[in-house]
Every structure is written in structure tokens, then in C-alpha cells.
Amino acid sequence: MADQLIRATAAQGGIRAVGAITTRLTEEARQRHKLSYVATAALGRTMSAGLLLASSMKRAESRVNIRVKGNGPLGGILVDAGLDGTVRGYVDNPEIELPPKPNGKLDVGGAVGSEGYLYAIRDVGYGYPYSSTVELVSGEIGDDVTHYLATSEQTPSALVVGVFVGAAGVTAAGGILLQVMPKAATDEALVQTLESRVAALSGFTPLLQAGKTLPEMFEGLLGDMGLEILPEVQMVRFHCGCSPDRFLGALKLLGEAELQDMIEKDDGAEATCHFCNEVYQASRDDLSQLIGALRAEV
């Protein structure tokens, strides 16, 4: 099934639902960054959460940054997701691996750590971005993003995200976000119903592996509450805006003296994009052309 995102409402607009399938983009991230099993799960969950959060924004250029910094061996996670359906991200220590938990699931919480912070930045496309910081709840990502929504955005929410990765790579990934809108936020029974239904799920990936589509998952959660699934199906993908031209543009900002030093000492320059692990190289001639361009601008 193609990576995609769909939206729905229920309870006469009192509930907002968003679901995303991110299997292929999570597998691309795994391959690009050479991620371990547990690092794949941690980054995949965070990328799914980023896309779900960005889906409620208004302007086409709107983006959400999620940074998770715990006390576990994985180090930090950084994800950048946009309303346009693009997402990218990385972890500090991609090779870290931990034994599975007693229930057989990957120990994402142990890799991330339960002590630390989640930082979220919403760039709405104009003015200053909105930023917020909350303490981690478990390091399992889903719990932590739910805590962020309830604490910083005062939005009662229920979130489930998951990644299944094995010897063949990522075979299922994605998540569902249910939110009680402001006009229904005082309905405690509605909030409790949503929380209990999401808690009763066996997880997102088992449903996906069983062949369930996003509309079918919504139907199981909200079918008796006036569910209305919006017709648009948005494609989502791993995408990084880095390019050779941007690399050269960044080098140019270093100035003539630094560029000349690179020519003399390193015979060129090389850089790796943290977000996508793409490697860019500049030859002596490239650097000489940059110096020439700088001199022409004087």
C-alpha cells in the first residue's frame, strides 16, 4: 500500500482524525542512515508523528520540527515534516541496538530514554515559529507526543504510532491521531471514549499487516460516531531539500580565505547532509570558481 495520509471527522465535527501509512518512507530512512532495528522504529514513529501534527496546519509551506532528546543510548532524534506531505529526519546514534522487551517488541523507550525532553517547533509560514518543550513521559514517542499535545496545545488527543521492521526491512509503519476539537473539549465522556478505544488497539502495525486500510481503521474507531472521511488522499514521502547547488552556496558563505585554505590543505571539500545522509563534494575547480564569484561581487 502506498504511503498516504487521510483525514476524517466525527461527532458532528467534535473529533478530528488523521491517519498515515509511512512504510516506504521509513524504509528509505532506514537504508539512507543504515539504522538498526530499534533506531528504525524510533525514527519511523517520530516521522509519522511529525506528518500527523503537520496535517492540521493551514499554509502550504507550514512545517513541524520534532526533536527528542532523552538519556538513552540512541541520543537525539530530529524530524522535519510539512503540510505538503514531505518528511525527513535522523538519529544521533543510528547503529545502537537493544534486546527486545519481554513482549517481543523493540525497546524504543530504552533506546530513547524516559528522562529528557521533547521540543516541538511549528512554523506556520509567516512570523515567528511557535516552540514548546515538554518532559518525556516514556521515550516511546507516541506517549510523549500525546503529552505534548495535551500540555502545550491543550488539545485532548489519542495517538498510536508504530513500525514493524525485520530482516526484510520495514514492512509496516504509520499511525493514527484522534483529537477532540475545542467545541467538544469539555465533553469528558467523549475524551474518555477516544482514549479507551485507542488504548484497546493492539497497535497500528498489526492492523496494517492484517490488510486493514486507513478508512477501515477509522470505521472501527469512529464508525458509530458519525464518521465522515474526507475524499482527499495525500501522498507522503521522505524528501530532503539539500542539493549540490545548496552545498556550494553554503561553502561560498565561508569566504575567500576559508575556501583557499580548503584548496591548499584538502584539495577540495566534502559534506554529508544530516537529514538524508547524502554526500556532496566540491573539487579544487569548484572552490576556485566560488572564489572568483566572490571577487566579482566586490
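These numbers come from a predicted model, not from an experiment.

Engineer: When you look at the pairing of strand β12 (residues 269-272) in this model, what are you seeing that I'm missing?
Structural biologist: Where β12 lies against strand β13 (residues 279-282), four bridges are found, and the strand directions are antiparallel. Considered in β13, the bridge of T272 is made with V279. Here β12 folds back onto β13, and the loop between the two strands holds six residues, one of which, N277, carries a positive phi near 70°.

Engineer: Help me out: how do you make sense of the packing of aromatic side chains in this one?
Structural biologist: Two aromatic rings are characterised by how far apart their centres lie and by the angle between their planes. The full count for this structure, using the stated rule, is three aromatic pairs. Arranged with centres 5.4 Å apart and planes meeting at 80°, the rings of Y90 and F275 form a pair that is edge-to-face. Here the residue Y90 occupies a position in strand β5 (residues 86-91), and F275 occupies one in the loop between β12 and β13, the gap between them amounting to 185 residues. Since its relative accessible area comes to 18%, Y90 is described here as buried. Taking relative accessible area as the criterion, F275 reaches 16% and is therefore assigned buried. Summarising the aromatic geometry, the rings of F247 and Y280 are spaced 6.0 Å apart at their centres and angled 25° between planes, so their arrangement reads as stacked. Of this pair, F247 sits in helix α8 (residues 244-252) while Y280 sits in strand β13; the two residues are 33 residues apart in sequence, bridging distant segments of the chain. Between R88 and the ring centre of F275, over which it is positioned, the NZ or CZ distance is 3.9 Å.

Engineer: It is not clear to me how the packing of helix α9 (residues 256-266) against helix α10 (residues 284-297) should be interpreted in this structure. Could you clarify?
Structural biologist: To characterise two packed helices, one gives the angle between the axes of the helices and the distance between these axes. Packing of α9 against α10 leaves a shortest axis separation of 10 Å and a crossing angle of 160°. Relative to α10, the element α9 lies roughly antiparallel. Viewed along their axes, α9 and α10 form a crossing whose handedness is left-handed. Contact residues: α9 offers E256, L259, Q260, M262 and I263, while α10 offers R284, L287, S288, L290, I291, L294 and R295.

Rules and cut-offs
Residues numbered from 1 in each chain as written. Predicted model: local features only at pLDDT ≥ 70, side-chain atom pairs only at ≥ 80, totals over all residues. Heavy atoms only, no water. Pairing = 2+ DSSP bridges. Helix = DSSP H or I, 4+ residues; strand = E, 2+ residues; numbered from the N terminus. Phe/Tyr/Trp six-rings, centres within 6.5 Å; stacked < 30°, edge-to-face > 60°. Buried < 20%, exposed > 50% of the residue type's maximum accessible area, 1.4 Å probe, protein only. Lys NZ or Arg CZ within 6 Å of the ring centre and 35° of its normal. Axes fitted to C-alpha atoms, helices over the stretch in contact; angles between N-to-C directions. Parallel < 35°, antiparallel > 145°, perpendicular 65-115°, else oblique. Left-handed = near helix turned anticlockwise from the far one by under 90°. Contact = heavy atoms within 4.5 Å.

In short, the description is geometric, and any link to function would need to be established separately.
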